[in-house]
Amino acid sequence: MLTIRPEVARRLMSEMKKLSNAELGGITVKMDGDNLTEFHATIQGPENTPFEGGEFQIKLEITDEYPQKPPKGYFLTKIFHPNVNEETGAICLSTLSTDWTEDTGLDHLLLAIRCLLIQPNPESALNEEAGRLLLDNYEDYCSRAKLMTQVHAMKTKPAAAPKKAAANQTKKRLKRL
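Residues numbered from 1 in each chain as written. Predicted model: local features only at pLDDT ≥ 70, side-chain atom pairs only at ≥ 80, totals over all residues. Heavy atoms only, no water.

A. Broad picture of the overall build of the protein. Tallying secondary structure elements over the protein gives five helices and four strands in all. Overall, the protein shows an N-to-C arrangement of helices and strands of α-β-β-β-β-α-α-α-α. Residue burial in the protein is summarised as follows: out of 177 residues, 40% are buried. Sequence separation of 24 or more characterises 57% of the internal contacts of the protein that already satisfy a separation of 6 or more. When the accessible surface of the protein is split by element, carbon and sulfur atoms take 50% of a total near 10,800 Å². (Helix = DSSP H or I, 4+ residues; strand = E, 2+ residues; numbered from the N terminus. Buried < 20%, exposed > 50% of the residue type's maximum accessible area, 1.4 Å probe, protein only. Contact = heavy atoms within 4.5 Å. Areas by Shrake-Rupley, 256 points an atom, 1.4 Å probe, with all protein chains shown as cover.)

B. Representation of the packing of aromatic side chains in the model. Applying the stated rule across the entire model yields five aromatic pairs. Judged by centre distance (5.9 Å) and plane angle (80°), the ring pair of Phe51 and Phe56 falls under edge-to-face. Residue Phe51 shares its accessibility class with Phe56, and that shared class is buried. Among the aromatic residues, those joined into a ring-pair cluster are Phe51, Phe56 and Phe75. We note Lys59 situated over the ring of Tyr74; from NZ or CZ to the ring centre the distance is 5.6 Å. (Phe/Tyr/Trp six-rings, centres within 6.5 Å; stacked < 30°, edge-to-face > 60°. Lys NZ or Arg CZ within 6 Å of the ring centre and 35° of its normal.)

C. Expanded view of unusual backbone geometry. Tyr66 connects to Pro67 through a cis peptide bond whose omega is 5°. Take Pro67: it is sitting in the loop between strand S3 (55-61) and strand S4 (72-75). Of note in this structure, Asn48 is not a glycine but carries a positive phi near 60°. By the element assignment, Asn48 lies in the loop between strand S2 (35-44) and S3.

D. The arrangement of the pattern of salt bridges in detail. Taken as a whole and assessed by the stated rule, the structure comprises seven salt bridges. Arg5 serves as the salt-bridge partner of Asp64, at 3.8 Å between the closest nitrogen and oxygen. Of this pair, Asp64 sits in the loop between S3 and S4 while Arg5 sits in the segment before helix H1 (6-21), and the two are 59 residues apart along the sequence. Note on Asp64: relative accessible area 25%, which makes it partly exposed. We note a salt bridge from Glu55 to Lys155, for which the minimum N-O separation is 3.5 Å. Highlighted residues: Glu55 in strand S3 and Lys155 in the loop between helix H4 (138-152) and helix H5 (163-176), separated in sequence by 100 residues. (Salt bridge = Lys/Arg side-chain N within 4 Å of Asp/Glu carboxyl O.)

E. Expanded view of the nonpolar core. Of all hydrophobic cores here, the largest spans 39 residues; its most connected members are Leu12, Phe75, Leu106 and Ile113. Listing elements by their share of this core, those giving two or more residues are H1, S2, S3, helix H2 (106-118), helix H3 (128-136) and H4. For this core, the element with the highest residue contribution is H2, accounting for seven residues. (Core = buried A, V, L, I, M, F, W, Y, C linked by side-chain atoms within 4.5 Å.)

F. View of the side chain of Thr42. Relative to the assigned elements, Thr42 resides in strand S2. Only 3.0 Å separates the side chain of Thr42 from the side chain of Gln57, close enough to count as a polar contact. Look past the residues within four positions of Thr42 in its chain and what remains in contact with it is Gly26, Ile27, Thr28, Glu55, Phe56 and Gln57. (Polar contact = N/O pair within 3.5 Å; in protein donor to acceptor, adjacent residues only side chain to side chain.)

G. Local environment of the packing of H3 against H4. Contact geometry for H3 and H4: axes closest at 6 Å, N-to-C directions at 135°. Here H3 is positioned oblique relative to H4, judged by the angle of their axes. Contacts from Glu129, Ala130, Leu133, Leu134 and Asp136 of H3 reach H4 at Tyr138, Asp140, Tyr141 and Arg144. Among the residues making up the contact of H3 with H4, the classes are represented as five nonpolar, no polar and four charged. (Axes fitted to C-alpha atoms, helices over the stretch in contact; angles between N-to-C directions. Parallel < 35°, antiparallel > 145°, perpendicular 65-115°, else oblique. Nonpolar A, V, L, I, M, F, W, Y, C, P; charged D, E, K, R; others polar.)

H. How the structure looks around H2. For H2, which comprises 13 residues, the first-to-last C-alpha distance of 19 Å matches the rise-based estimate of 18 Å (1.5 Å per residue) to within 8%. Buried within H2 are the following residues: Leu106, Asp107, Leu109, Leu110, Ala112, Ile113, Arg114, Leu116 and Leu117. (Expected span 1.5 Å × (residues − 1).)

Spelled out as structure tokens, the structure:
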């Protein structure tokens, strides 16, 4: 556990109190015990997106330079999204870099991450394949993102498709290869 300056600890305690009273619409936050340098949140996949129905676990890592420097954000749940590195889960979001100010609160940051699920930014893609697919073929992007959501982010998996339909999909995939 990282040792942090007292003023950073006070700011983080204030942020946590604010978060516990805030209505963040589809976001729940929990701290990692006494560790003020790591926040975990669950973001519900927004309606009418490929992520609908999913529960996405994220982690914010706070350094001793907070609030002068932004936290680092990571998706712990695998997700197919242009602005999320598919290997590390790192999140590319202007609020986590160029748009960060000392006055930016963790509540604002969490809402910005949820908004990224609604409105991805393919121009600053960490996952180039997802960014390209989003720009070139939105239906295929949605299909792939929904599949990843079903596999990795849904507590209850959708009912299994009949064997014939599954066999047809397998054939189609093999043809693509």
